[in-house]
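# Structure at a glance
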Amino acid sequence: MATLRTSVRPPYAAYLRVYEPLAAFREPERSYWQGYAAARRGPAAVAGATALEEARRRLADLIAVPPVAVPEQESREAFVHEADGVVYLCPWRTRLRSWMALEELQELLPAPLLDAAVPAGVRAAAEADWDRWRAQNPDGRPWILTETWNVPVRWFLLFGPEDREFEPGRWTDGADADGGDGADTSDTAEGADEPAGGVKRRTAPVMRYRTPMAQARRRVARGFRVLRDTLDEGPMVAGVEEVGRWLEEFHPRSLVELDYGGLVDVIPEEGLAADRSVEEVAEGIAALREGDGAGAGRSYRALTERWRRVQELQYAN
C-alpha cells in the first residue's frame, strides 16, 4: 500500500485580489518586487501554490504556544501574474490581513472560545501593535479581501461571464501531487473515475474571474447606482459602495481577480462548471434597472440558495 503524505489543505475561503503593475510601486519597493517577480515566473507564480504556502505558515504560527496571532514582520511575498508582457503583483500583506481577521474573529466568537483560541494577552498586544501601525500608515489597505464559506454577492458585480477561467481537476502521478500546489492528496476524488495503474492523485479544480480594473470600476459604479436608486439603505448597498471605494485605492491599470480558492473542495466539480453566479447578479441588476422586481427576486433567490448550501457545510459534522 502506498504511504499517503498529509498536508495543510487550503482554507474554505474565497479571495478578491488586486494585481498592480510594477509601475504602481515606489522605489525601493519597485526594485524589490521586480527581482522577486523575475525569480518566480512560470509555475511557481500560480496563485494556488502560494496561497497554500501562506496558509501553512499561518497555521504554524497559530498552533505555537502561545499562539502568534499576528506575524511580527510584514510578509515580503506576493502573487505574481504576467499578461501581455506586463508583470503584475498582489502583495500578501499577511500582517495587515491578520490584524483585520483578528478583529472579525472577536466579533464572531463567544468570549470563552475566543480566549481559548487566542488568549486575551496575545490579543491586547496585537491590538496595540495595530493601533501604532495605523497611526503611521493612515492610507494602508490590503490587496486581498477574504471571505470564508461564501462568495459575497457584491464581488460578482465586478465581473462578466467572459472573465471566467475554469480548469477541471486532473489526475497526476502520486509523486507529483505532494499538496504543495493545492492538489487533493487523497488517492481518489469523489465523482471522478480513477485511472488504472499505480497511485494517482487528482488536483483540485480552479475557478476564478479576472478583469481589468477599469472594467471592474465601471461595473461596480453602475450596479451601485441601480441599487441605490431601487433599494433601501442596507448591507447590500453599503457593501457595494465599500468595494467601489476599495478599488479606487489602486492603480487604474491593475487587474482584479475573484478566486474561489478552497471552496472548490466543497463544491462538486459539475457545480463549478455550471456556476452562473456572475450572470445571475447581472440579470438581477438589469431587472432592477427595468423596474422588474419579480425578475430581480428570482435571480437573487437562485444565487443565494446556491451559496446557502455551501455556507451550511461549515456546520456539518
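Residues numbered from 1 in each chain as written. Predicted model: local features only at pLDDT ≥ 70, side-chain atom pairs only at ≥ 80, totals over all residues. Heavy atoms only, no water.

With respect to the helices, strands and loops of the structure, D275 is situated in the loop between α9 (269-273) and α10 (277-289). Here D275 is buried and forms no salt bridge, its nearest opposite-charge partner R306 lying at an N-O distance of 4.5 Å. Looking at D275, its side chain comes within polar contact range of the side chain of Y260, at 3.3 Å. Once residues lying within four places of it in the same chain are set aside, the contact partners of D275 are R164, M207, Y209, Y260, R306 and W307. (Helix = DSSP H or I, 4+ residues; strand = E, 2+ residues; numbered from the N terminus. Buried < 20%, exposed > 50% of the residue type's maximum accessible area, 1.4 Å probe, protein only. Lys, Arg positive; Asp, Glu negative; His and termini not counted. Salt bridge = Lys/Arg side-chain N within 4 Å of Asp/Glu carboxyl O. Polar contact = N/O pair within 3.5 Å; in protein donor to acceptor, adjacent residues only side chain to side chain. Contact = heavy atoms within 4.5 Å.)

Looking at the chain, pLDDT values average 85 and 85% of them are 70 or higher. For the chain, the element scoring lowest by mean pLDDT is helix α2 (residues 47-62), at 68; strand β9 (residues 255-259) scores highest, at 98. This stretch, residues 1-6, has a pLDDT under 50; its non-local contacts, to residues over four places away or in other chains, come to 11 contacts. For the stretch residues 175-191, pLDDT sits under 50, and the model shows 48 contacts to residues farther than four places along the chain or on other chains. (pLDDT = per-residue confidence, 0-100.)

Close contact between α10 and helix α11 (residues 293-311) brings their axes to 7 Å; oriented N to C, the two are set at 155 degrees. Judged by the angle between their axes, α10 and α11 are roughly antiparallel. The way α10 lies across α11 gives a crossing that is left-handed. Taken together, the residues of α11 that come into contact with α10 (itself represented by S277, E280, V281, E283, G284, A287 and L288) are G295, A296, S299, A302, L303, R306 and W307. Partitioned by chemical class, the residues of the contact of α10 with α11 number seven nonpolar, four polar and three charged. (Axes fitted to C-alpha atoms, helices over the stretch in contact; angles between N-to-C directions. Parallel < 35°, antiparallel > 145°, perpendicular 65-115°, else oblique. Left-handed = near helix turned anticlockwise from the far one by under 90°. Nonpolar A, V, L, I, M, F, W, Y, C, P; charged D, E, K, R; others polar.)

Residues R218, R222, R225 and R289 make up a contiguous surface patch of positive charge. Ranked by the residues each element gives to the positive patch, the list is headed by helix α7 (residues 213-230), at three residues. Here R225 lies in helix α7. R225 gets classed as partly exposed once you look at its relative accessible area, which sits at 42%. (Patch = residues over 30% accessible without salt bridge, like charges linked within 9 Å, V, L, I, M, F, W, Y side chains within 5 Å. Areas by Shrake-Rupley, 256 points an atom, 1.4 Å probe, with all protein chains shown as cover. Charge placed at Lys NZ, Arg CZ, Asp CG, Glu CD.)

Turning our attention to the nonpolar core. Core analysis: the largest hydrophobic core is formed by 61 residues, its most contacted members being L89, L158, L247 and Y260. The residues touching Y260, leaving out its near neighbours within four places in the chain, are A13, A14, V151, F156, M207, Y209, I267, L272, D275, S277 and W307. Counting residues in each nonpolar core, the second largest holds 10 residues, with L102, V118, A126 and W130 among its members. (Core = buried A, V, L, I, M, F, W, Y, C linked by side-chain atoms within 4.5 Å.)

Look at helix α3 (residues 94-108): 20 Å from first C-alpha to last across 15 residues, which is about the 21 Å you get at 1.5 Å a residue. Here α3 has its buried residues at T94, R95, L96, R97, S98, W99 and L102. (Expected span 1.5 Å × (residues − 1).)

Turning next to the side chain of R17. Positionally, R17 belongs in strand β1 (residues 13-21). Owing to a relative accessible area of 1%, R17 belongs among the buried residues under this scheme. One polar contact links R17 to E257, side chain to side chain, over a distance of 2.7 Å. A polar contact of 3.0 Å, which involves the side chain of R17, links it to the side chain of D259.

This part is about the environment of F156. Mapped onto the elements of the fold, F156 is located in helix α6 (residues 153-156). Look at F156 and you get buried, because its relative accessible area is 1%. For F156 and R219, which are 63 residues apart along the polypeptide, the C-alpha to C-alpha distance reads 9.9 Å.

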